[in-house]
Structures are given as C-alpha cells and as structure tokens.
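Here are the chains, one letter per residue:
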Amino acid sequence: MIDLHCHTLHSDGTDTSEGLALLAEEAHLTALCLTDHDTLGGIPGFLAMQSQVKVRLLVGTELSCMFLGQSLHVLGLLVNPDDATFQARLVELRGRREDRNDRMLIRLAELGYPITREEVQAQADSPLLSRVHFAKALARRGYVRRPPEAFERLIGDDCPGFVPRQELTPYEAARWIREAGGVPVVAHPGRFDGGRFRWDDAMGDLQREGLEGLEAYYGEYRASEQKYFLRLADRLGMVATGGSDYHGGNKPGLRLGRGRGGLQVPDDLLDKLETRQRLGSYH
Ligand code: AMP
Ligand code: MN
Ligand code: MN
Ligand code: MN
C-alpha cells in the first residue's frame, strides 16, 4: 500500500516530516509522497530519512487553483525538489498567501473578531500560515468553541470572513508542475461542490488544460465515489492516484495510509504514475 497525499507542520499538518517517514514505515507502506501546500520546506528533512526506512519517500506539493468559480486543489506529484524555477514559483505563491492572510486579519476585525498575526503564528510551527491556524487562533480567543466551527461560521469558503487570494488557473498549475518534472493531478475531486458536480465533463476540460491524473482513492471517499473516479480515470486515459490527505492532529481520525480506516491505495498506481512522468506531457 502507498499514500500519495499528506501534510506536515511545514504547511497545515502537525507532524514533522521525519516523523511522517517513520509513521509510514510503521504502517508498512511501500511509498509515501509528501504534498504540503505551496512549499517543499519539509522535503530536505523527509528525504534525509530515506537511509533509515524501507518505505520509498517521494516529493510532491499541493497547489490551490480556481476552476469554475470554486477552489480546486492540484497535486504536483514527483516534482524535482532542486528545480530553481519551481522553488521561485512557490515563493510567489507563498507571497500571495501572505497577502490573503493580511486581508483576512482586516476582514475578521471588521466582522468583530479581531486577532493579531502573532496569535495566528503562535498556532503554527512553521512560517506558512493557513486557515487551519486562523481557526485555532479564533478558538483560542473564544470567538468559536472549536476550530471546525470557525470554518462553519467565519472562514470557510462561503463564509463572511473568507478572503480569496490570487489563485492559479489549472492550466498554470499543470504547466508549473510539468516544468518541474512532476505529474499534475486533480486532488480529491469528490469534494468539489458537495459531490453534485458533473465530473465527467469537467474532468475532460481539466485534462485539456494539462491535468494528467485524478485522485481516485481518498481518505474521505465513500466506496461509490472511489469506483466512479477509477472508472472516469480509465475512460479518459488519466492516471489514477490516491492518498489519505493526512494532517495529523488537524484532521482527527484520519490515519496515514488508511484514511478513516478502509483506504487501501494499491502499489501499482505508483508504477503507472512513474510511467506517465517519463512519457512527459502531451501539451
Ligand atoms: P488555506 O490554504 O490557508 O486557504 O487553508 C485551506 C486548508 O484549510 C485546507 O487545506 C484544509 O486543510 C483546511 N480546510 C478548508 N476548509 C475546511 C473546513 N471546512 N473544515 C476544516 N478544515 C478545512
Ligand atoms: Mn490542508
Ligand atoms: Mn486539498
Ligand atoms: Mn491536502
């Protein structure tokens, strides 16, 4: 079994990247791809663990895009961590995230929930600040009882405190990932628009934009969703991937490699992903 989607404290998870490598070994995974949002900050420590574990440690990231007016996440799997152009592009994305964070602090104050940047930073163990850290800071101040309530009432995508950032298009994300030697994959497609979305049409559009895979196995899918996305990948000739989207304590109950319990991502998906990587983009 493999897991091609997880987060460390370098973005919005709570584990160190070294700790995740050990956790994957304990879970008897054969491969683990680290996919922190907008950063490869955890990668050096992660790859340094390779001499101590049998599980193959792979490099990835997760980028946020806009597609049809909604947020769409794109995984860049197997990117080259030494690609200077890609690193510079990630710096640009983290700058846009910082702008969004500054504006979110102002918006929250306008709504009657003032918090400081320092209070948000105090909830994070790395410089990258995510809405997860905002949610914890809002709970700490007593504005909400628990962090999930902050997403429900204040900073979730449809909430008054939500502030959009300058997002990539799927086309740009796919190109950036391909140019860094990786394979661009649509993350957790089942989550888009509450599951009522016409994915067959939309995925064809995304494929034309350069997306080459879709996450058919996911920590929080129902069995019917997994089946649907596996068939869709097959029909469109896209590569199927899978992962837990493990965030440590920031997504309680979700286990590395196992998701909510029933996740099993087969090893041969990685062989197919690597074949796709070598073939290169058709675009
Ligand atoms: P950001 O990238 O800073 O906009 O934060 C997005 C992250 O917040 C996602 O990657 C999730 O980890 C988390 N998140 C987004 N929406 C929710 C939600 N409704 N409930 C809990 N966590 C969420
Ligand atoms: Mn996340
Ligand atoms: Mn995501
Ligand atoms: Mn994720």
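Residues numbered from 1 in each chain as written. Chains lettered and ligands numbered in written order. Predicted model: local features only at pLDDT ≥ 70, side-chain atom pairs only at ≥ 80, totals over all residues. Heavy atoms only, no water.

Mind showing me how you'd approach the site of ligand 1 here?
In the region of ligand 1, the neighbouring residues are Asp12, His37, Arg97, Arg100, Ser130, Arg131, Val132, Phe151, Arg165 and His247. Here an oxygen atom of ligand 1 and a side-chain polar atom of His37 are 3.0 Å apart. Here an oxygen atom of ligand 1 and a side-chain polar atom of Ser130 are 3.4 Å apart. Grouping the amino acids of the shell around ligand 1 by side-chain chemistry returns 2 nonpolar, 3 polar and 5 charged. Lining the shell around ligand 1 are residues from two domains, each supplying at least three of them: domain 1 (2-91 + 166-280) and domain 2 (92-155). (Near = heavy atom within 4 Å. Polar contact = N/O pair within 3.5 Å; in protein donor to acceptor, adjacent residues only side chain to side chain. Nonpolar A, V, L, I, M, F, W, Y, C, P; charged D, E, K, R; others polar. Domains from an automatic or database assignment.)

Teacher, can you tell me more about the pattern of salt bridges here?
Pairing between side chains of opposite charge can happen when the charged atoms of each approach one another. Per the counting criterion, the structure on display carries 20 salt bridges. Close ionic contact of Glu98 with Arg117 constitutes a salt bridge, the shortest N to O distance being 2.9 Å. Of this pair, Glu98 sits in helix H3 (residues 84-110) while Arg117 sits in helix H4 (residues 117-121), placing them 19 residues apart in sequence. Look at Glu98 and you get partly exposed, because its relative accessible area is 24%. By relative accessible area, Arg117 is classed as partly exposed at 31%. Ionic pairing is found between Arg198 and Asp201, a salt bridge with its closest N-O pair at 3.6 Å. When its relative accessible area of 51% is taken as the criterion, Arg198 is described as exposed. Through salt bridges with shared partners, a single ionic network connects Asp38, Arg97, Arg165 and Glu167. (Salt bridge = Lys/Arg side-chain N within 4 Å of Asp/Glu carboxyl O. Helix = DSSP H or I, 4+ residues; strand = E, 2+ residues; numbered from the N terminus. Buried < 20%, exposed > 50% of the residue type's maximum accessible area, 1.4 Å probe, protein only.)

Explain the domain arrangement of the protein chain to me, please; I cannot follow it from the model alone.
Where the parts come together, the accessible area they lose is often given as the size of the interface. Splitting the protein chain by domain gives domain 1 (2-91 + 166-280) and domain 2 (92-155). On the domain 2 side, the residues contacting the 18 residues of domain 1 number 13 residues. Of all residues in domain 1, Asp38, Val91 and Gln166 give up the largest surface area on contact with domain 2, accounting jointly for 34% of the area buried on that side. Taken together, the links from domain 1 to domain 2 amount to 1 salt bridge. With a shortest N-O distance of 3.1 Å, Arg97 and Asp38 are connected by a salt bridge. In this structure, the connection of domain 1 to domain 2 is made through 15 residue pairs in polar contact (both at pLDDT 80 or more). By residue number, the principal contributor to the side of domain 1 that touches domain 2 is H3, which donates 4 residues. (Contact = heavy atoms within 4.5 Å. Buried area = accessible area lost by both parts, 1.4 Å probe.)

Explain the pairing of strand E6 (residues 213-218) here, please?
Two faces belong to every sheet, and in a regular strand the side chains alternate between them. The element E6 is extensively covered by neighbouring structure, given that 6 of its 6 residues are classed as buried. Two elements, strand E5 (residues 183-186) and E6, share 2 bridges in a ladder whose sense is parallel. Along E6, the bridge assignment pairs Val186 with Leu214. Note: E6 against strand E7 (residues 239-243), 5 bridges, orientation parallel. Paired with Tyr217 across the bridge in E7 is Gly242. Where the polypeptide runs from E6 across helix H9 (residues 223-236) and back to E7, its parallel neighbour, the crossover connection is right-handed. (Pairing = 2+ DSSP bridges. Right-handed = clockwise from strand over helix to strand, strands pointing away.)

Explanation requested: the sheet that holds strand E4 (residues 70-77) in the structure shown.
In any sheet, the strands associate via hydrogen bonds between backbone groups, in a parallel or an antiparallel arrangement. A sheet is described by the order of its strands in space; here 7 strands give the open sequence E1-E2-E3-E4-E5-E6-E7, paired in mixed fashion. Strands at the two margins of the open sheet, each flanked by one partner only, are strand E1 (2-3) and E7.

Explain the coordination of the manganese ion (ligand 2) to me, please; I cannot follow it from the model alone.
When a metal carries six donors in an octahedron, the ideal angles between them are 90 or 180 degrees, while four donors in a tetrahedron ideally lie at 109.5 degrees. Coordination sphere of the manganese ion (ligand 2), protein contribution only: Asp12 (OD), His37 (NE2) and His247 (NE2), at 2.1 to 2.3 Å. Mapped onto the sequence, the residues coordinating the manganese ion (ligand 2) show the spacing D-x24-H-x209-H. (Donors = N, O, S within 2.8 Å, 3.2 Å for Na, K, Ca; no water.)

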